[in-house]
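Structural description and commentary
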2 protein chains.
Amino acid sequence: MSRRVQVVENILSANDHLAAANRARLDADAVLGLNLMASPGAGKTALIERTVPGLEGRLRLAVVDGDVATSIDADRAAAAGAVAVQVNTGGQCHMDAVMLGGALDELDLGEVELLIVENVGNLICPASFDLGTHRNVLIASVPEGDDKPYKYPTMYRGVDALVINKVDLMPYVEFDMDYFVRGVQLLNPGLTTFPLSCRTGEGVDAWLDWVAAQAEAQRDAAAGAAASTSPSGA
Amino acid sequence: MSRRVQVVENILSANDHLAAANRARLDADAVLGLNLMASPGAGKTALIERTVPGLEGRLRLAVVDGDVATSIDADRAAAAGAVAVQVNTGGQCHMDAVMLGGALDELDLGEVELLIVENVGNLICPASFDLGTHRNVLIASVPEGDDKPYKYPTMYRGVDALVINKVDLMPYVEFDMDYFVRGVQLLNPGLTTFPLSCRTGEGVDAWLDWVAAQAEAQRDAAAGAAASTSPSGA
């Protein structure tokens, strides 16, 4: 078994190097990278379908869709108006930095301010692989049930923001929001949270404002870095 | 990469050997093993909560609950009246045959006729690991969306029955049943399917009857095998 562990560690370490390279490419063009993670069917693509038109005129946006099979999600993102690249993982349960690097080759990053990476639908594997994005966002959904933070703690611990989708279904399912939020706060105190419904549009504006603010912070950071390394800014 | 592939193949092959050993243990006591798989929150535990009282007096039942963390599911299965063993996978995204073997050690299989294994919530990884159970059952759920067969083909191809849970939410979400079923039939023609709602109880009886019939077939097969190997039955 020790040989297996070592191989896995080498793979993770190689991934981290490639993730750092992806991050440097995004930083060079002041692109904010968001890594969207969720269970299958929690609403990653639906959130993208709200985010693309919602940020039109504010941010130039591209989407990378990771899936085990099909290009359904990239087709939906493109139909919503985004530049979209599909990555098929060939059975793998998560995206990795190599896959994202390949997708970045397909994009003109100089024309992009926000890159949304839609990871494979899975609450376990994607949590272990840095892609080189700047923010990890988890989408939970009400019909999944209120025990998910307790059952998938690694995922909930590692994210920078949490979307709680399908709040319009609250009247029709048993979901104890207090119990859910208590679990979240235990693992990730003070986590920024957006209860919303991609179906009705309720709560989406707060999410859009947060994304826009993150992209602005990324642009400011990139401008600061450029100023401190250029002779005129010294 | 070839070394990694070889290691993974060795792990899978070791797993298959242990799965065969688990199956032999179940067969020796004429226990039917069901492997329940689904996304997080599709309703595996809820179906168990319906199945345990629903089969009371018809079948003696035990549950093995696989989770990344917590014993919430085994607690719920036990509260519903089942003998329940919790397996924590320590971060792994699926159960494997070693884990099930360890759980079988905790059970008196002579007192069990139906063993339900609740796998880790995941539509990808569990599909690759035989546990030694006799039937693979997938639980889909209406709010997950109608595109899941197309996006997770390996899982849909490898199952013996499909439960479509949360049909009571059909009026509140967009779910095209024809499109969903077309995808299922493409991958797994003639698949036995149970549309139901664990919340309302609608459709649960047909599921219970199917499970009971599978367990009876397993008992008959075990009796046949015993007769053909014993001198008196020759």
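The structure we're discussing is the one just above.
Described in the following lines is the structure provided in the data block. Here the structure is a predicted model, which is why all the values come from computation and not from measurement.

**Section: the relation of the copies chain A and chain B**
Expressed as a screw operation, the relation of chain A to chain B combines 0.0 Å of axial shift with a rotation of 180 degrees, fitting to an RMSD of 0.0 Å. The transformation just described matches what one would write down for a two-fold rotation axis.

**Here we look at the packing of helix 2 (residues 44-54) of chain B against helix 8 (residues 204-229) of chain B**
All names here are of chain B. As a packed pair, helix 2 and helix 8 sit with axes 10 Å apart at the nearest point and diverge in direction by 65 degrees. With respect to helix 8, the axis of helix 2 lies roughly perpendicular. Along this stretch, helix 2 crosses helix 8, giving a crossing that reads as right-handed. Counting all contacts with helix 2, which are made through Leu-47, Arg-50, Thr-51 and Gly-54, the residues of helix 8 involved are Val-204, Trp-207 and Leu-208. Grouping the constituent residues of the contact of helix 2 with helix 8 by class yields 4 nonpolar, 2 polar and 1 charged.

**A word on the nonpolar core**
Counting 82 residues, the largest nonpolar core has Val-64 and Leu-115 of chain A together with Val-64 and Leu-115 of chain B as its most contacted members. With sequence-adjacent residues up to four places away left out, Val-64 of chain B is seen in contact with Val-85, Val-87, Met-95, Leu-100, Ala-103, Leu-107, Leu-115, Ile-116, Val-117 and Glu-118 of chain B.

**Examining the sheet that holds strand 1 (residues 32-38) of chain B**
Residue and element names in this part refer to chain B. Sheet architecture is open: 7 strands sit in the order 3-2-4-1-5-6-7, paired in parallel fashion. At either end of the open sheet lies a strand with only one pairing partner, and these are strand 3 (83-88) and strand 7 (192-195). Across the sheet, the mean angle from the axis of one strand to that of its neighbour is 20 degrees, orientation sign disregarded. The sheet contact formed by strand 2 (residues 61-67) and strand 4 (residues 114-118) spans 5 bridges and is parallel. Across the sheet, Asp-65 pairs through a bridge with Glu-118, a residue of strand 4.

**Let's talk about the packing of helix 2 (residues 44-54) of chain A against helix 3 (residues 72-79) of chain A**
Helix packing geometry: the angle between the two helix axes and the distance between the axes. Residues and elements named next belong to chain A. In the contact formed by helix 2 and helix 3, the axes pass within 9 Å of each other and the chain directions differ by 15 degrees. Between helix 2 and helix 3, the angle falls in the class roughly parallel. In this structure, the crossing between helix 2 and helix 3 has a hand that is right-handed. Only Asp-73, Arg-76 and Ala-77 of helix 3 make contact with helix 2, whose side of the interface consists of Thr-45, Ala-46, Ile-48 and Glu-49. Partitioning the contact of helix 2 with helix 3 into residue classes produces 3 nonpolar, 1 polar and 3 charged.

**As for the pattern of salt bridges**
Enumeration over the complete set of coordinates arrives at 26 salt bridges over all chains. Its salt-bridge partner being Asp-67 of chain A, residue Lys-151 of chain B comes within 3.9 Å of it at the nearest N-O pair. Of this pair, Lys-151 of chain B sits in helix 5 (residues 148-151) while Asp-67 of chain A sits in strand 2 (residues 61-67), each in a different chain. In this structure, Glu-111 of chain B engages Arg-60 of chain B in a salt bridge whose closest nitrogen and oxygen atoms are separated by 3.4 Å. Placement of the pair is Glu-111 of chain B in the loop between helix 4 (97-105) and strand 4 and Arg-60 of chain B in the loop between helix 2 and strand 2, with a sequence separation of 51 residues. Owing to a relative accessible area of 40%, Arg-60 of chain B belongs among the partly exposed residues under this scheme. Put simply, Asp-67 and Asp-73 of chain A together with Asp-147, Lys-148 and Lys-151 of chain B are held in one network by salt bridges that share partners.

Quick notes on the rules
- Residues numbered from 1 in each chain as written.
- Chains lettered and ligands numbered in written order.
- Predicted model: local features only at pLDDT ≥ 70, side-chain atom pairs only at ≥ 80, totals over all residues.
- Heavy atoms only, no water.
- Least-squares fit on C-alpha atoms with pLDDT ≥ 70 in both.
- Axes fitted to C-alpha atoms, helices over the stretch in contact; angles between N-to-C directions.
- Helix = DSSP H or I, 4+ residues; strand = E, 2+ residues; numbered from the N terminus.
- Parallel < 35°, antiparallel > 145°, perpendicular 65-115°, else oblique.
- Left-handed = near helix turned anticlockwise from the far one by under 90°.
- Contact = heavy atoms within 4.5 Å.
- Nonpolar A, V, L, I, M, F, W, Y, C, P; charged D, E, K, R; others polar.
- Core = buried A, V, L, I, M, F, W, Y, C linked by side-chain atoms within 4.5 Å.
- Buried < 20%, exposed > 50% of the residue type's maximum accessible area, 1.4 Å probe, protein only.
- Pairing = 2+ DSSP bridges.
- Salt bridge = Lys/Arg side-chain N within 4 Å of Asp/Glu carboxyl O.

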